[in-house]
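Given next are the chains, with one letter for each unit.
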Amino acid sequence: MTDYDAIADWYETTLVPSWRADPLEFGPTLRELLGPGTGPCLELGCGTGAHAGRIRELGRTPFGVDVSAGMLRHAAARLPVARGDATALPVATGALPAVVAIMVHTDMPAYPAVLREAARVLAPGGVFVHVGVHPCFCGGFADRTDGRAVVIRPGYREPGWTMESWTDQGLRDKVGATHLPLPALLDAVLDAGLVFERFAEGGAPTPTVFAWRARKPYAERTNR
């Protein structure tokens with residue numbers, strides 16, 4: 001049993017409904033970065049499947065992987081799911097046109113390894129979309145009590161796991177969260193062999209979400 005099993009019902013009944021009005025702009029971000037397409041789209045750490053509808057609206061066929069059986073109990077009504085570790089995906093190499101990770105990188109201490117797995121399962125030319133907590137404005141170091149005057153305390157440059165939180169209404173105070181400063185997060189994408197294409201931010205007035213689209217190259221260039 002994982003810590004996420006213990007909070008799965010709270011997540012589904014409290015956190016997911018707070019996203020329905022889309023204050024963090026998941027819908028526009030996915031339309032811009034993932035875009036319309038066909039074929040399967042793997043959601044890493046799919047949780048209760050809250051984002052499956054947005055993926056499906058783009059013409060894609062979502063399926064999800066998560067380590068939490070409790071989360072998947074809710075997700076199974078929204079999309080096909082498999083229980084598994086995102087660092088060792090039960091997917092063939094080069095099999096997928098699209099992979100997404102939505103608001104999960106702080107839940108995954110080994111996120112660089114997750115990115116390498118995402119790159120492995122993508123077909124050449126396949127797209128990876130990350131939509132995550134903004135590393136510059138959200139974390140144990142950030143007090144967002146006043147959204148118009150976010151207080152950034154020392155700690156942004158220190159990677160690691162914490163349960164410090166400005167609110168008791170989120171995930172960090174319940175299961176903890178991993179923080180990577182922006183350069184480390186972006187470098188992990190490059191180290192996985194993916195190529196950045198577009199970036200976006202979501203939430204106002206101070207961004208809560210930082211997102212990007214990256215692509216798996218068709219082939220490595222060789223010098224002659």
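Here the structure is shown first, and the text comes after it.
Residues numbered from 1 in each chain as written. Predicted model: local features only at pLDDT ≥ 70, side-chain atom pairs only at ≥ 80, totals over all residues. Heavy atoms only, no water.

As for the environment of Met103
Right, on to step 1. Position of Met103 among the secondary structure elements: in the loop between strand E4 (96-102) and helix H5 (111-121).
Right, on to step 2. Classification of Met103 by relative accessible area gives buried; the value is 13%.
Right, on to step 3. As a C-alpha pair, Met103 and Val91 span twelve residues in sequence and 21 Å in three-dimensional space.
Right, on to step 4. For Met103, the residues in contact, after removing those within four places along its chain, are Leu24, Phe26, Val131, Gly132, Val133 and Val209. (Helix = DSSP H or I, 4+ residues; strand = E, 2+ residues; numbered from the N terminus. Buried < 20%, exposed > 50% of the residue type's maximum accessible area, 1.4 Å probe, protein only. Contact = heavy atoms within 4.5 Å.)

Overview of the pattern of salt bridges
Right, on to step 1. This model, assessed by the stated rule, comprises eight salt bridges.
Right, on to step 2. Note that Arg73 and Asp9 form a salt bridge whose closest N and O atoms lie 3.0 Å from each other. A residue pair is termed long-range when its members are at least 10 positions apart, and Arg73 in helix H4 (residues 69-75) and Asp9 in helix H1 (residues 3-18) qualify at 64 residues.
Right, on to step 3. Under the relative-accessibility criterion, Arg73 is labelled exposed at 52%.
Right, on to step 4. Assessed through its relative accessible area of 42%, Asp9 is described here as partly exposed.
Right, on to step 5. Across the pair Asp22 and Arg54 runs a salt bridge whose closest N-O atoms are separated by 3.7 Å. (Salt bridge = Lys/Arg side-chain N within 4 Å of Asp/Glu carboxyl O.)

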